[in-house]
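# Structure assessment
Each chain, letter by letter, is given below.
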Amino acid sequence: MPVISWEELARHNTSESLYVVIEGKAYDVTHWIKDHPGGELVLKHMAGRDATDAFLAFHRPHVRAYLSKYFLGNMETSAKHAPSQATVRFRQLAQSLEKQGFYKTSYAYYLGFMAWLILLLSAAFYMAAYGCTLPAAVTVALFWQQVAFIGHDAGHHAITHQRHKDNVLGLVINAFVGIGLSWWNNTHNVHHTVPNSADCDADIQFMPLIANSPLYFNSLFSKYHDHELTFDETARRLISYQHLSFLPLLMIARYGLYLQSLKQVLGGRVYVHRWLELGAQLFFFAWYGLLVSLLPSVGDRVLFVLASHAAFSILHLQICLSHFTCHVYEGLPPENEWMATQLSGTMNWSCPTWLDWFHGGLQFQIEHHLFPRLPRHHLRKVSEMVRPLCQELGLRYHSPPFGAAIVELLSSLKTTAMRARDMGSKVAPL
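Here goes a summary of the coordinates provided. (Residues numbered from 1 in each chain as written. Predicted model: local features only at pLDDT ≥ 70, side-chain atom pairs only at ≥ 80, totals over all residues. Heavy atoms only, no water.)

## Concerning the layout of surface pockets
Let me state the cut-off plainly: Here the term cavity refers to a set of points on a 1 Å grid, laid over the protein atoms alone, in which a 1.4 Å probe fits but cannot get out; the term pocket refers to an open set having protein on both sides within 12 Å along at least five of seven lines, with lining residues being those that place an atom within 4 Å of a point. Grid points are joined across faces, edges and corners, and a volume is the space filled by probe spheres set on the points. The helix and strand labels rest on DSSP assignments: H or I over at least four residues marks a helix, E over at least two residues marks a strand, and numbering proceeds from the N terminus. Residues are grouped as follows: Ala, Val, Leu, Ile, Met, Phe, Trp, Tyr, Cys and Pro are nonpolar; Asp, Glu, Lys and Arg are charged; every other residue, Gly included, is polar.
Volume-wise, the largest pocket comes out at about 1400 Å³. For the lining of the largest pocket, the secondary structure elements donating two or more residues are α6 (133–155), α7 (163–177), α8 (181–193), β8 (227–228), α10 (242–250), α11 (253–267) and α14 (313–321). Broken down by element, the residue count for the lining of the largest pocket peaks at six residues, all from α8. Here the residues of the lining of the largest pocket sort into 29 nonpolar, 18 polar and two charged. Computed from the structure, the second largest pocket encloses a volume of approximately 910 Å³. His36, Pro37, His59, Val63 and Arg163 are, among the 33 residues lining the second largest pocket, the residues nearest its centre. Elements supplying a minimum of two residues to the lining of the second largest pocket: β3 (17–22), α2 (40–46), α3 (52–58), α7 and α8. Broken down by class, the residue content of the lining of the second largest pocket amounts to 17 nonpolar, twelve polar and four charged.

## Notes on unusual backbone geometry
Cis rather than trans, the peptide bond between methionine 207 and proline 208 has omega equal to 5 degrees. On the secondary structure map, proline 208 appears in the loop between α8 and β7 (221–222). One non-glycine residue, histidine 157, lies in the positive phi region at around 55 degrees. For histidine 157, the position within the fold is in the loop between α6 and α7.

## Some thoughts on empty space enclosed by the protein
Under the criterion given, the structure shown has three cavities of 30 Å³ or more. Estimated volume of the largest cavity: approximately 130 Å³. Every residue lining the largest cavity is counted, 16 residues in all, and those nearest its centre are Met46, Pro334, Asn336, Glu337 and Trp338. Grouping the amino acids of the lining of the largest cavity by side-chain chemistry returns six nonpolar, five polar and five charged. Counted as a void, the second largest cavity has a volume near 90 Å³. For the lining of the second largest cavity, the per-class residue count stands at six nonpolar, six polar and two charged.

## A short note on the nonpolar core
For the record, the criterion: In plain words, nonpolar cores are sets of buried Ala, Val, Leu, Ile, Met, Phe, Trp, Tyr and Cys residues tied together by side-chain atoms within 4.5 Å. Only protein chains enter the accessibility calculation, which uses a 1.4 Å probe; a residue is then buried when its area is under 20% of its type maximum, exposed when over 50%, and partly exposed in between. Residues are treated as being in contact if the distance between any of their heavy atoms lies within 4.5 Å.
Among the nonpolar cores identified, the biggest contains 63 residues, and Trp144, Phe246, Trp287 and Phe304 are the most heavily contacted of them. For this core, the leading source of residues is α6, giving ten residues. Excluding residues that lie within four positions of it along the chain, tryptophan 144 makes contacts with Phe176, Val177, Arg254, Tyr258, Phe284, Trp287, Tyr288, Ser308, His309 and Phe312. Core analysis: the next-biggest nonpolar cluster, separate from the first, contains 38 residues, Ala57, Tyr70, Phe364 and Val382 among them.

See below:
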């Protein structure tokens, strides 16, 4: 049986020749890149590296059986370096959660959630029919937020735990929330693999409007968008006021999601049938247009559209809270340090149990990033295991109250804004 050296592995780190290591075995996945259900970039970021923890985090145990066709040989050692204590303990906890049944979904939970969603959407239509413009707008925005949480669960295959079934659920969610399944899949798996990488993680790349780290002052090249994130005088001026513009920008961010979703389904890679996804997107605009048409006047309709999209900004805020104030780095994270990487780039916020429905599991972002396939309704229980483990290992486990997390985010944006402002006009103009 061939033995592969780590030096040899590192040489196969391109799309033309892509090797990865999983549990001490080398695999040639060059011809699998285009078909990989998690997207091409996830594999490219793992090229020539040990992908053990990423593989185990994203895949059910039975997927190991499919690896044999790509097998090259055993590595010269089981790991490039001796795994850290954090990695050892993380893997032990992951195995324990699997054995204890934490990956089993409570379908009663989701049936109750479906009833809640039906109630919200029905209430929005009822209010619109009776001319209650702003209450209807807030209600449909809450419906979108709650549906998006289900879409997030399905996207991670954390509901049925079967890719094809969860993709069907994802299409249904797409039809009611208006955010493309393929666009989400393309960005989100990369985000989980390289959280808070300034040049790799699209979820924190908002130049020239927002910079959550001074690293963006160096005009980084985005490996996701495949173009330079230019920091010029215009960007410097915009970033200098980002602590003031941030919340207003969130109120219009949803329009950008429509454009990105349509761009992906029309010209990018899709993860379900292209026409089905396009149909789901068009169905969304059809039912939303019908809802808007129920309002009595043009003014009410314009107000409704603006208000519903602005109210949806609460979800954008929740997403940004999870990462924007955490450690940002350039390039790829260290190998075999899944737990340390996720902890450094992710934070929670605390809330009472009765408010879990409102935050949709995002308040346990640490646990979700460590175990992305874990059903949402188990996250609080798992957090009771992860927090003491982090304390024991000396890893940062940050979980301020929700309000304090918002203040922390705005303060962090202001700090970066002041650094940009202090640079004066030293930055090259367009």
